[in-house]
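# Fold and geometry: a report
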Amino acid sequence: MSPPPAGLRNTDLLAIYLNDHLAASVGGMELVRRMIGLHRGTRYASELETLLVELREENAALRAIMDDLGLPVRRHKQVALWLGEKVSRLKLNGRLVTRSPLSDLVEFEFLASAVRAKRSGFESLREVADVDDRLDADQLDGLVEQANRQHSWLTTTRREVAARVFGGNDHAPDEAAGD
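My aim in this report is to walk through the structure given alongside it, one point at a time. Each chain has its residues counted from 1, following the order in which its sequence is written. Confidence filtering applies because this is a predicted model: local features only for residues at pLDDT of at least 70, side-chain atom pairs given and counted only at 80 or more, and all residues used for totals across whole chains, interfaces and linings. Neither water nor hydrogens contribute to the side-chain values; these are computed over all heavy atoms in the structure.

## Considerations on the overall build of the protein
Put simply, DSSP H or I for four residues or longer makes a helix, DSSP E for two residues or longer makes a strand, and each gets a number counted from the N terminus. Tallying secondary structure elements over the protein gives six helices and zero strands in all. Element order for the protein, N to C, with α for helix and β for strand: α-α-α-α-α-α. Per-residue burial over the protein gives 39% buried out of 179 residues. Put simply, of all contacts in the protein between residues at least 6 apart along the chain, 74% involve residues at least 24 apart. Reported accessibility uses the Shrake-Rupley method at a 1.4 Å probe radius. Residues are deemed covered only where the shown protein chains occlude them. About 10100 Å² of surface is accessible on the protein, with carbon and sulfur atoms providing 56% of the total. The buried label applies to any residue whose accessible area, calculated with a 1.4 Å probe on protein chains only, is under 20% of its type's maximum; exposed applies above 50%, and partly exposed to all values in between. The contact rule is simple, with two residues in contact once any of their heavy atoms fall within 4.5 Å.

Shown next as structure tokens:
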């Protein structure tokens with residue numbers, strides 16, 4: 001492995017950071033895979049399927065970036081997040097045997113937040129691309145834009161679900177949030 005470029009610092013911290021994002025992507029893919037099964041035949045199914053394809057592509061891109069930078073992949077973090085997604089299914093949602101409508105809202109909210117965090121990760125990597133030509137700045141810009149599109153759909157969807165579960169106008173938050 002060659003030494004990092006002069007402008008790149010703290011590669012040990014970058015390895016931890018990217019392994020955390022990689023592990024989170026595994027948990028996100030598991031959640032979306034399960035949500036596809038739950039929402040089959042609904043208007044959310046197609047977008048969820050597209051989201052899963054994109055999450056898989058992003059996971060592969062992140063692995064390639066780590067490889068390009070010569071950073072190790074720590075599987076134990078991925079396994080922990082995979083298990084965490086499974087355990088999260090046991091959350092208390094007001095129902096013992098059946099699925100609660102609240103579960104849909106919590107899952108879409110979680111995904112919207114996770115996509116925002118993912119976007120931040122790609123933005124941080126974009127900064128690294130300015131000091132390390134092993135990273136493709138255009139690819140990272142595309143990943144940021146893709147995350148923006150995903151977040152927009154998830155935000156709209158979670159508002160619809162919240163209005164369906166609790167009542168209200170799913171467009172009212174647009175004005176308050178400046179969206």
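## So, the side chain of His151
Take His151: it is sitting in helix H5 (residues 137–166). Excluding residues within four positions of it along the chain, His151 makes contact with Ala112, Val115 and Arg116.

## What to know about the packing of helix H2 (residues 45–68) against helix H4 (residues 101–129)
Here H2 crosses H4 at 30°, and the two axes come no closer than 13 Å. Judged on the interaxial angle alone, H4 and H2 are roughly parallel. The element H2 and its partner H4 pack so that their crossing is left-handed. Residues Leu48, Leu51, Leu55, Glu58, Leu62 and Ile65 of H2 pack against Phe108, Leu111, Lys118, Phe122 and Leu125 of H4. Considering only residue class, the contact of H2 with H4 consists of nine nonpolar, no polar and two charged. Angles shown run from 0 to 180 degrees and are taken between the N-to-C directions of axes, each axis being a line fitted to C-alpha atoms and, for helices, limited to the stretch in contact. Working rule for angles: under 35 degrees goes down as roughly parallel, over 145 as roughly antiparallel, 65 to 115 as roughly perpendicular, anything else as oblique. In this scheme the crossing of two helices becomes right-handed for a clockwise turn of the near helix relative to the far one and left-handed for an anticlockwise turn of less than a right angle. All amino acids are sorted into three groups, where Ala, Val, Leu, Ile, Met, Phe, Trp, Tyr, Cys and Pro are nonpolar, Asp, Glu, Lys and Arg are charged, and the leftover types, Gly among them, are polar.

## Some remarks on the nonpolar core
Nonpolar cores were defined as sets of buried Ala, Val, Leu, Ile, Met, Phe, Trp, Tyr and Cys residues, with membership established by side-chain atoms within 4.5 Å. Of all hydrophobic cores here, the largest spans 20 residues; its most connected members are Val32, Leu48, Leu51, Phe108, Leu111 and Leu154. Every element with two or more residues in this core is listed here: helix H1 (11–38), H2, H4 and H5. With six residues, the top contributor of residues to this core is H1. Those residues in contact with Leu51 that lie beyond four places of it in its chain are Val32, Leu111, Gln150 and Leu154.

## Side note on the pattern of salt bridges
Salt bridge, as applied in this entry: a Lys or Arg side-chain nitrogen positioned within 4 Å of an Asp or Glu carboxyl oxygen. One pass over the structure, following the stated rule, counts 12 salt bridges. With its nearest N and O atoms 2.7 Å apart, the salt bridge here joins Arg126 to Asp130. Overall, Arg126 belongs to the partly exposed group, its relative accessible area being 23%. What makes Asp130 exposed here is its relative accessible area of 55%. Across the pair Asp141 and Arg126 runs a salt bridge whose closest N-O atoms are separated by 2.8 Å.

## What to know about the packing of H4 against H5
Running from N to C, H4 and H5 point in directions that differ by 160°, and their axes come no closer than 8 Å. By the criterion of interaxial angle, the relationship of H4 to H5 is roughly antiparallel. Between H4 and H5 lies a crossing of left-handed hand. Considered class by class, the residues forming the contact of H4 with H5 number 21 nonpolar, four polar and 10 charged.

## A short note on unusual backbone geometry
Notably, Asn10 is not glycine yet its phi reads approximately 55°, a positive angle. With respect to the helices, strands and loops of the structure, Asn10 is situated in the segment before H1.

## Side note on H4
How far a helix is expected to stretch is found by multiplying one less than its residue total by 1.5 Å. Under the 1.5 Å per step criterion, the end-to-end length of H4 is 43 Å for 29 residues, consistent within 8% with the ideal 42 Å. Pairs of N or O atoms are called polar contacts if they sit within 3.5 Å, as long as, within protein, a hydrogen donor faces a hydrogen acceptor (for residues adjacent in sequence, only side-chain-to-side-chain pairs). N-cap assignment for H4: the residue whose side-chain oxygen lies 3.0 Å from the backbone N of Leu102 is Ser100.

## A closer look at the packing of aromatic side chains
Here is the rule: rings of Phe, Tyr and Trp (six-membered ring for Trp) pair when centre to centre is within 6.5 Å. Planes less than 30 degrees apart are stacked, more than 60 are edge-to-face, and the remainder are tilted. What the rule picks out here adds up to two aromatic pairs. Ring geometry for Phe108 versus Trp153: centroids 6.0 Å apart, planes at 75°, classification edge-to-face. Of the two residues, Phe108 is situated in helix H4 and Trp153 in helix H5; the sequence distance between them amounts to 45 residues. Among the aromatic residues, those joined into a cluster by ring pairs are Tyr44, Phe108 and Trp153.

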